[in-house]
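Now for the letters of each chain:
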Amino acid sequence: MYSDAHWQPLALPDSFSLRSGWLFIQGRVHARQPRGETRLRWQCRQGRWHEKTLPVTRRGTLQELVYLPRGAHQLALLPSSEGADCQVEISQTRQASTIESLWRRLRRVLPFY
């Protein structure tokens, strides 16, 4: 685990409280050379912490759909696992509908077929 000082807090949308579902995160990583990933962590009601790696494009764009379980709270982003001097600027965090989440997941997978 990384030091808490490196994690940037991220607020959940009000409509997301105590429900499980898909969360769409959109933003930008500002660094000399984005490393290709950032990390998201959240805490569940049982007190356990969970982490997920989020991909970042070469241009520093972050657009990711994440499934959060019921009771997830205290979201935070780690800009770089490499310890590089960078910052994450989140432009949008919102709950995604079931149809939107299915569409975004299909768009990611279909080019491989």
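Residues numbered from 1 in each chain as written. Predicted model: local features only at pLDDT ≥ 70, side-chain atom pairs only at ≥ 80, totals over all residues. Heavy atoms only, no water.

Caption draft 1: Fine view of the packing of aromatic side chains. Using the criterion set out here, one finds one aromatic pair in the structure. Aromatic pair W22 and Y67: ring centres 5.3 Å apart, planes at 70°, arrangement edge-to-face. Of this pair, W22 sits in strand β2 (residues 21–30) while Y67 sits in strand β5 (residues 61–68), placing them 45 residues apart in sequence. Between R41 and the ring centre of W49, over which it is positioned, the NZ or CZ distance is 4.5 Å. Over the ring of F24 we find R104, and its NZ or CZ is 4.0 Å from the ring centre. (Phe/Tyr/Trp six-rings, centres within 6.5 Å; stacked < 30°, edge-to-face > 60°. Helix = DSSP H or I, 4+ residues; strand = E, 2+ residues; numbered from the N terminus. Lys NZ or Arg CZ within 6 Å of the ring centre and 35° of its normal.)

Caption draft 2: The sheet that holds β2, seen in detail. Reading across from one edge, β5-β2-β7 is the order of the three strands in this open sheet, with antiparallel pairing throughout. Two strands close off the open sheet at either side, each with one partner strand: β5 and β7 (87–96). For this sheet, the mean inter-axis angle between neighbouring strands, taken without regard to orientation, is 20°. Two strands pair when backbone bridges link them, and β2 and β5 are joined in this way by eight bridges, in the antiparallel orientation. (Pairing = 2+ DSSP bridges. Axes fitted to C-alpha atoms, helices over the stretch in contact; angles between N-to-C directions.)

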